[in-house]
There are 2 protein chains.
Amino acid sequence: MLDDEEGRDFDKSDNHNYEIERQLTEEFSLMREGSTTLLVPSESLQTKVPPRTPAFFNPAAKLSRDISTLVYSSFIRLNGCLFKKVPITLADAFSGVGARSIRVANEIPTVDKVILNDLNPVAITAAKKSAMTNGVEEKCLFSRKDVHVFLNERRSIKKERYVIVDLDPFGSPSPYADSLVRAVTDGGLISVTATDTAVLFGKYPKVCWRKYYSKPINCTYSNEIAVRILISFLGLIAGRMDLSIEPVFAHSHRHYSRVYVRVHVSSNEANKLVDNLGYITHCFDCGDRRCHPLVFPSPPPLSCCICGGGNNNDSKKKLSVAGPLWVKPIFSKQLISDILCIDGNNYGAKSDDFLNRVGGHAPAPEDHNSDPMLDNHKIGVSNSKGSLLSLSPSSDDSVQVPYQKYFRQIFQLLHTAGLELDDQPYYYTIDEVGSAMRTSPPPMNSILEQINQGGFRISRTSFRPTGFKTNASMEEIKKLL
Amino acid sequence: MLDDEEGRDFDKSDNHNYEIERQLTEEFSLMREGSTTLLVPSESLQTKVPPRTPAFFNPAAKLSRDISTLVYSSFIRLNGCLFKKVPITLADAFSGVGARSIRVANEIPTVDKVILNDLNPVAITAAKKSAMTNGVEEKCLFSRKDVHVFLNERRSIKKERYVIVDLDPFGSPSPYADSLVRAVTDGGLISVTATDTAVLFGKYPKVCWRKYYSKPINCTYSNEIAVRILISFLGLIAGRMDLSIEPVFAHSHRHYSRVYVRVHVSSNEANKLVDNLGYITHCFDCGDRRCHPLVFPSPPPLSCCICGGGNNNDSKKKLSVAGPLWVKPIFSKQLISDILCIDGNNYGAKSDDFLNRVGGHAPAPEDHNSDPMLDNHKIGVSNSKGSLLSLSPSSDDSVQVPYQKYFRQIFQLLHTAGLELDDQPYYYTIDEVGSAMRTSPPPMNSILEQINQGGFRISRTSFRPTGFKTNASMEEIKKLL
């Protein structure tokens, strides 16, 4: 365990060492997450909104960290051979107490080096102690620099960019995105968390346009729009540096959106970014939603092609436009299959292996029922022949032990994403369909079956348990049900 | 003269010191520009395209450096009181041999400190020697860092951003823009040069969209569109960091576009960026051009309101769209008046004082006739009462001494900009008007007078000597002439 040699050696220069030690002794506790022991602020385990001092730690982000560990691990399995001549490094730009990156160091043996950066000396000292507790101190470097200096220095001084870079700031990642894409190596992976949900979900469209160069809509599928705006934004930033992007995974959970994106050095591919972007028009009158290509700066249509609703101030007939946003696939099915230990052509479930990988420990109390959206979640998808597979969780999956319910949720999230029609940037909900038909919401299974029998593609969506994706329009859905 | 303490002390660590000294002795020459002596590569003074090794120096960019000195100097005179508690610093992110920044150190006494950064040890050593030659070594700091580290470190470590930051890279400034706006203090000034003219002038619209988030048009006024795209782009980058921008000056000369923009810390103002942006539609059939507000992502019109030309593939009737770009004023008339020693309400000319400021030396041979666009350039503008002032250069201005012709050109550029209708983002040329009327191009004075008498606003433009700006449409212009 070494301080980054370029960084300030705060162990020697910081006069508050004694105070830091006192805080760590009196105000921090050890807790277990995954198969890792973490030193975290005690108060963060007791309050609903974790405090920012003496250091920030959010127990509820366990799902995000569990998925990180799975995605990083699979990414290295699938692409590690590309980085044979360099060590597999992961940089955590805002590491805090190191919850994510100490877990990576401890739980992913294929990661050679983890570099944690945070300005907060208390957080970094806690992370050091966690590294020692888990015996991974030799794998870890610690740095306390301005995030931009941290992300930019490596590429220039050591001619070595990081293989994986994580960016999980307070609020919007927008101000850091440029430095982020510069920090990652060709073919490497960036993972980004955005917690400015109100902005990305359409409450402050002007701020969203300023921060992400895109207009959101506040509607039933805002969480998917948010993720696609975030990916499009990363593509716009990368393009300026002659880099192209390739989305790998994304999810939106409670108050954050999180995306995993590969970055490739290629100005030719970067020029094709425009082909991956588009607009969504959503008619708040008839519920029709459509995707339109982006022919910059040509426009999406101004009125609904079904009911004639226009994007004027007439609130009864309103066509809203979201975008530009990423309208092409956002999930690497290969990566998801790999995570689930499932052959890409034959979806199934080997939950034992999966459970071993996320660690067989009891989750924190917050984890119980942590995401009702994902609960009681059956998988449905149209297979390549067009017939419907509707899978109840198998006996392997429907583990009855309460603390394993959480792992089933992760499994279902990934499984649904693996089967999702992610080339379609929006979904419908059963409530919307019921409302459009002026009936009670139809059962999901009946919707899946009837739309599929009508000759349309259909799948569930990982973004909402009551949502489904189909290439049928709202008009066609109503006719079929 | 000190190396930046955070930088590598290349004087000691670099093994090629002897080789650098040899190069400076054998391959460099002293030359004079402004009132400053510069050590520059001899070959750059002899060839048309200056070589990049052993260091880059472009004698033809003298105009750009002369204007820089004038703008920086005036900016400090007008706003220096805002920075009373901090030294007036200028950072030159890609300093090369220091032609711009050593001139600033030598010619602007109000600048307290100049910080030069370049990775090339030969260039930086030459800059050091130039600083000593001019006796300004105490005012200069030298650094040899990656440009992003250089621009980001100051704000975090010393809590002191620069008052003025210049960015003059090879090619596009786009990849560096985020670090640039972070480096400048609240209310400070950034100056940016773009030499990727083919991209900004519309030859590669896809690359322009990727680099500047805007679509250019290849047309008669592409040079003004380029400048306005560059300003809009800086606004889009600044907005993400809760910063707003205020254009101060801009010019486009030969193969570069250059803009001067103030940066303010204000997320409220940043949210208003959209009000300053818009589209230009240009009909290649009837020559009609119009400005449209940006209501993101709402569109500009799809067909010409005059002749019905649409933006389809029919080359005969073609409506092209440029934007989003900055459609509001781009010149600080106060700053230009200050430079010209002219009261803002009473345009006139005190060329003696002006000539003293840019230095009364003979320009390099390249400077003679260096910009035919600016030659024989008379000033015309509609005053606040609507009547036309058509000013021939006064006896003071029309200096007959050949080497003073160059200063008259700068004077005319600034004078025209000071009187320009810069709230209109495009201009017409007399050739276009002649072509539209199927006659030979009408004389400029006759155009200025007749359009003004028709009740329209009209001015010359600093972007082209044969161009003029008016709120009359092409149809109205044709009727009036």
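Scroll up to find the structure.
A few points on the structure. The structure presented is a predicted model; accordingly, all values stated were derived computationally and were not measured.

A look at unusual backbone geometry
Of note, the amide linkage connecting G323(A) to P324(A) takes the cis form, showing an omega dihedral of 0°. Here P324(A) lies in strand 13 (residues 319-326). The phi angle at D242(B) is positive, at roughly 60°, despite the residue not being glycine. With respect to the helices and strands, D242(B) occurs in the loop between helix 11 (222-240) and strand 9 (243-253). Judged by its relative accessible area of 29%, D242(B) falls in the partly exposed class.

As for the interface of chain B and chain A
Bring the parts together and some accessible area is lost; that lost area is often taken as the interface size. Taken together, the contacts link 47 residues of chain B with 46 residues of chain A. Summed over both partners, the interface of chain B with chain A buries about 3600 Å², with 59% contributed by carbon and sulfur atoms. At the boundary of chain B and chain A, one finds seven salt bridges. Ionic pairing is found between R240(A) and D178(B), a salt bridge with its closest N-O pair at 3.5 Å. Counting across the interface, chain B meets chain A through 23 residue pairs in polar contact (both at pLDDT 80 or more). Elements with a contribution of two residues or more to the side of chain B that touches chain A: helix 7 (147-157), helix 8 (177-183), helix 10 (205-212), helix 11, helix 12 (267-271), helix 13 (273-276), strand 11 (277-283) and strand 13 (319-326) of chain B. In terms of residue count, helix 7 of chain B provides more of the side of chain B that touches chain A than any other element does, six residues in total. Looking at the side of chain B that touches chain A, its residues break down into 23 nonpolar, 12 polar and 12 charged.

Considering helix 6 (residues 121-133) of chain B
Residues and elements named next belong to chain B. Given a rise of 1.5 Å per residue, 13 residues ought to cover 18 Å, and the 18 Å separating the end C-alpha atoms of helix 6 matches this to within 8%. With respect to burial, helix 6 is a largely interior element, 10 of its 13 residues being buried. Listed in full, the buried residues belonging to helix 6 are P121, V122, A123, I124, T125, A126, A127, K128, S130 and A131. Put simply, N120 is the residue that caps the front of helix 6, since its side-chain oxygen is 2.9 Å from the backbone nitrogen of V122. Positive phi appears at G135, one or two residues downstream of helix 6, with a value of about 70°.

Here's the deal with the sheet that holds strand 13 of chain B
Residue and element names in this part refer to chain B. Taken in spatial order, the three strands of this open sheet run 12-11-13, and their pairing is antiparallel. In this open sheet, the two strands that pair with only one neighbour each are strand 12 (289-293) and strand 13. With direction set aside, neighbouring strand axes in the sheet form an average angle of 25°. The pairing of strand 11 with strand 13 spans six bridges and is antiparallel. Opposite T281, over in strand 13, you have V321 as the bridge partner.

With respect to the relation of the copies chain B and chain A
For the pair chain B and chain A, the best superposition has an RMSD of 0.0 Å and corresponds to a rotation of 180° with a translation of 0.1 Å parallel to the axis. The two molecules are tied by a two-fold rotation axis, judged by turn and shift.

Details of the pattern of salt bridges
Tallied over the entire structure, the rule returns 55 salt bridges over all chains. A salt bridge links R22(A) to E26(A), with the shortest nitrogen-to-oxygen separation between them at 2.7 Å. Of this pair, R22(A) and E26(A) both sit in helix 2 (residues 17-27), separated by four residues, roughly a single helical turn. Its relative accessible area of 56% is what places E26(A) among the exposed residues. In this structure, D242(A) and K211(B) form a salt bridge, with 3.3 Å as the shortest nitrogen-oxygen distance. With one member in each of two chains, D242(A) in the loop between helix 11 (222-240) and strand 9 (243-253) and K211(B) in helix 10 form a pair that bridges those chains. Look at K211(B) and you get buried, because its relative accessible area is 10%. One network of salt bridges, in which partners are shared, links E33(A), K62(A), R65(A), D66(A), R103(A) and E107(A).

Some details on the pairing of strand 4 (residues 89-92) of chain A
Residue and element names in this part refer to chain A. Here strand 4 shows a buried face lined by T89 and A91 and a second buried face lined by L90 and D92. Across four bridges, strand 4 lies against strand 5 (residues 113-117) in parallel orientation. The partner of L90 across the bridge, within strand 5, is V114. Of the crossover connections in this fold, the one passing from strand 4 over helix 5 (residues 99-107) to the parallel strand 5 is right-handed. One ladder, built from three bridges, connects strand 4 with strand 7 (residues 162-167); its direction is parallel. Along strand 7, the bridge assignment pairs D92 with D166.

Some details on the environment of V227(A)
All names here are of chain A. Its place among the elements puts V227 in helix 11. By relative accessible area, V227 is classed as buried at 0%. If we ignore the near neighbours within four places in the chain, the residues touching V227 are A250, H251, S252, S257, V259, I330 and F463.

Digging into the nonpolar core
Counting residues in hydrophobic clusters, the biggest one holds 262 residues, and the most contacted among them are F249(A), F468(A), F249(B) and F468(B). With residues near it in sequence (within four places) discarded, F249(A) still touches I67(A), V71(A), R258(A), V259(A), Y260(A), I330(A), F331(A), I336(A), L414(A) and A417(A).

What about the packing of aromatic side chains?
All names here are of chain A. Evaluated as defined, the whole model comprises 29 aromatic pairs over all chains. With centroids separated by 6.4 Å and ring planes inclined at 25°, the aromatic side chains of F331 and F463 adopt a geometry described as stacked. Taken together, the residues span a long stretch of sequence, with F331 in the loop between strand 13 and helix 14 (333-339) and F463 in the loop between strand 17 (458-461) and strand 18 (464-470) at a distance of 132 residues. The same class applies to F331 and to F463, which are both buried.

Some details on the side chain of H251(B)
In this structure, H251(B) sits in strand 9. Beyond its immediate stretch of four places on either side in the chain, H251(B) contacts S64(B), I67(B), V227(B), Y256(B), S257(B), R258(B), Y260(B), L413(B) and F463(B).

Quick look at the pairing of strand 6 (residues 140-143) of chain B
All names here are of chain B. Burial along strand 6 is two-sided: the face carrying C140 and F142 and the face carrying L141 and S143 are both buried. Summarising the sheet, strand 5 (residues 113-117) and strand 6 pair through four bridges and their orientation is parallel. The residue bridging L116 from the neighbouring strand is F142, located in strand 6.

Some thoughts on the packing of helix 4 (residues 62-79) of chain A against helix 5 of chain A
Residues and elements named next belong to chain A. Relative orientation of the contacting elements helix 4 and helix 5 amounts to 40°, with a least axis distance of 10 Å. Judged by the angle between their axes, helix 4 and helix 5 are oblique. As helix 4 runs across helix 5, the sense of the crossing is right-handed. Between helix 4, through K62, S64, R65, D66, S68, T69 and Y72, and helix 5, the contact on the second element is made entirely by A99, R100, R103, V104 and E107. For the contact of helix 4 with helix 5, the residue count by class is three nonpolar, three polar and six charged.

A short note on the environment of C219(B)
All names here are of chain B. When you line up the elements, C219 lands in the loop between helix 10 and helix 11. Using a relative accessible area of 15% as the deciding quantity, one classes C219 as buried. Distance in space between the C-alpha atoms of C219 and G202 is 8.1 Å, their sequence separation being 17 residues.

The rules behind these values
- Residues numbered from 1 in each chain as written.
- Chains lettered and ligands numbered in written order.
- Predicted model: local features only at pLDDT ≥ 70, side-chain atom pairs only at ≥ 80, totals over all residues.
- Heavy atoms only, no water.
- Helix = DSSP H or I, 4+ residues; strand = E, 2+ residues; numbered from the N terminus.
- Buried < 20%, exposed > 50% of the residue type's maximum accessible area, 1.4 Å probe, protein only.
- Contact = heavy atoms within 4.5 Å.
- Buried area = accessible area lost by both parts, 1.4 Å probe.
- Salt bridge = Lys/Arg side-chain N within 4 Å of Asp/Glu carboxyl O.
- Polar contact = N/O pair within 3.5 Å; in protein donor to acceptor, adjacent residues only side chain to side chain.
- Nonpolar A, V, L, I, M, F, W, Y, C, P; charged D, E, K, R; others polar.
- Expected span 1.5 Å × (residues − 1).
- Pairing = 2+ DSSP bridges.
- Axes fitted to C-alpha atoms, helices over the stretch in contact; angles between N-to-C directions.
- Least-squares fit on C-alpha atoms with pLDDT ≥ 70 in both.
- Right-handed = clockwise from strand over helix to strand, strands pointing away.
- Core = buried A, V, L, I, M, F, W, Y, C linked by side-chain atoms within 4.5 Å.
- Phe/Tyr/Trp six-rings, centres within 6.5 Å; stacked < 30°, edge-to-face > 60°.
- Parallel < 35°, antiparallel > 145°, perpendicular 65-115°, else oblique.
- Left-handed = near helix turned anticlockwise from the far one by under 90°.

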